[in-house]
Amino acid sequence: MPSPNRVLLAIDESEASRRALRYVCAIALPNADMQVVLCHVVSPLPPDLLESPGADDAEEERELTEELRAAQADWSTHRSGWGERLLERARAFLTRAGVPPPRVELRLVDPGDSHGGKLVEHLLEEADGARCRTIVVGRSAFSRLKELVRTHVADDLVRRSQGYTVWVVE
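Scoring rules and cut-offs
- Residues numbered from 1 in each chain as written.
- Predicted model: local features only at pLDDT ≥ 70, side-chain atom pairs only at ≥ 80, totals over all residues.
- Heavy atoms only, no water.
- Helix = DSSP H or I, 4+ residues; strand = E, 2+ residues; numbered from the N terminus.
- Buried < 20%, exposed > 50% of the residue type's maximum accessible area, 1.4 Å probe, protein only.
- Contact = heavy atoms within 4.5 Å.
- Areas by Shrake-Rupley, 256 points an atom, 1.4 Å probe, with all protein chains shown as cover.
- Expected span 1.5 Å × (residues − 1).
- Pairing = 2+ DSSP bridges.
- Right-handed = clockwise from strand over helix to strand, strands pointing away.
- Core = buried A, V, L, I, M, F, W, Y, C linked by side-chain atoms within 4.5 Å.
- Axes fitted to C-alpha atoms, helices over the stretch in contact; angles between N-to-C directions.
- Parallel < 35°, antiparallel > 145°, perpendicular 65-115°, else oblique.
- Left-handed = near helix turned anticlockwise from the far one by under 90°.
- Phe/Tyr/Trp six-rings, centres within 6.5 Å; stacked < 30°, edge-to-face > 60°.
- Lys NZ or Arg CZ within 6 Å of the ring centre and 35° of its normal.

**As for the overall build of the protein**
Right, so step 1: Broken down by element type, the protein carries 5 helices and 5 strands.
Right, so step 2: Looking at the 170 residues of the protein, the share that counts as buried comes to 36%.
Right, so step 3: Long-range pairs, those at least 24 residues apart, make up 75% of the contacts in the protein between residues at least 6 apart in sequence.
Right, so step 4: For the protein, the exposed area adds up to about 9,800 Å²; of that, 51% sits on carbon and sulfur atoms.

**Comments concerning the environment of Leu94**
Right, so step 1: Residue placement: Leu94 occurs in helix H2 (residues 58–97).
Right, so step 2: According to the relative accessible area criterion, Leu94 is buried, its value standing at 0%.
Right, so step 3: Expressed as a C-alpha distance, the spacing of Leu94 and Leu29, which sit 65 residues apart in the sequence, is 8.8 Å.
Right, so step 4: Sequence-distant contacts of Leu94, that is, excluding residues within four places in its chain, are made with Leu21, Cys25, Val36, Leu38, Val99 and Val104.

**Description of helix H1 (residues 15–28)**
Right, so step 1: Under the 1.5 Å per step criterion, the end-to-end length of H1 is 20 Å for 14 residues, consistent within 8% with the ideal 20 Å.
Right, so step 2: For H1, the set of buried residues is Ala16, Ser17, Ala20, Leu21, Val24, Cys25 and Ala28.
Right, so step 3: In this structure, the buried side of H1 is in contact with strand S1 (3–10), strand S2 (35–41), H2, strand S4 (132–138) and strand S5 (165–169).

**So, the pairing of S1**
Across a regular strand the side chains alternate sides, sitting on one face of the sheet and then on the other.
Right, so step 1: Across the 8 residues of S1, 6 count as buried, placing the element largely inside the fold.
Right, so step 2: In terms of strand pairing, S1 meets S4 through 4 bridges, oriented parallel. Bridged to Val7 within S4 is Thr134.
Right, so step 3: Summarising the sheet, S1 and S2 pair through 5 bridges and their orientation is parallel. Bridge pairing in S2 places Leu8 opposite Val37.
Right, so step 4: Regarding topology, H1 serves as the crossover connection from S1 to the parallel S2, and that connection is right-handed.

**What to know about the nonpolar core**
Right, so step 1: Leu9, Val36, Leu38, Leu94 and Val136 are the most contacted members of the largest nonpolar core, which has 20 residues in total.
Right, so step 2: Contributions of two or more residues to this core are made by S1, H1, S2 and H2.
Right, so step 3: Leu8, Leu123, Ala130 and Ala154 belong to the second-largest nonpolar core, a separate cluster that totals 17 residues.

**Some words on the packing of helix H3 (residues 119–129) against helix H5 (residues 153–160)**
Right, so step 1: In contact at an axis separation of 10 Å, H3 and H5 are set at 55° when each is read in the N-to-C sense. Judged on the interaxial angle alone, H5 and H3 are oblique. As for how H3 packs across H5, the hand of that crossing is right-handed. Judged by residue contacts, Leu119, Val120, Glu121, Leu123 and Leu124 of H3 engage Val153, Asp156, Leu157 and Arg160 from H5.

**Some details on the packing of aromatic side chains**
For any pair of aromatic rings, the description consists of the separation of the ring centres together with the inter-plane angle of the planes.
Right, so step 1: Applying the stated criterion to the full structure yields 1 aromatic pair.
Right, so step 2: Ring centres of Tyr23 and Trp167 lie 5.9 Å apart, and the angle between their planes is 90°; this geometry places the pair in the edge-to-face category. You can see Tyr23 sitting in helix H1 and its partner Trp167 sitting in strand S5, a full 144 residues away along the chain.
Right, so step 3: Residue classification places Trp167 among the partly exposed residues on the basis of a relative accessible area of 25%.
Right, so step 4: The lysine or arginine in question, Arg79, covers the ring of Trp82, its NZ or CZ lying 4.8 Å from the ring centre.

Now the structure itself:
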């Protein structure tokens, strides 16, 4: 059962995430019952690492496939390690500010080779799995042109998050 005292904070390397982290810290400090679940979703594989260009020769095709798998593994290891360090820095920020370590949980989500706009689905799954009723995300302003072709994760999350409270920190 979701708890009103458990808050999932989605973080990445952006200034908007840092603002959301500071906001949650300010809320969590005076609220001794609040649990903060820090969540980072590792970026999916870039398009050039999704598929081998192929070859006419079977041996060359096998080599290309092995190289692709090695590149995918290297990329995933690098991004996961980076995500773990990001989560640890966020936890350190909260604990330095006075949030007791037992009240902070870390969740690293590695979507593997899935590609595309699945970030909101991953956040909702993690909130559900962590029994969080509240999801916090940072949001930064887009230029007018960018808003025409791209939507904010925060906007998509608000639209699709029935049953959850969503705090959007700008």
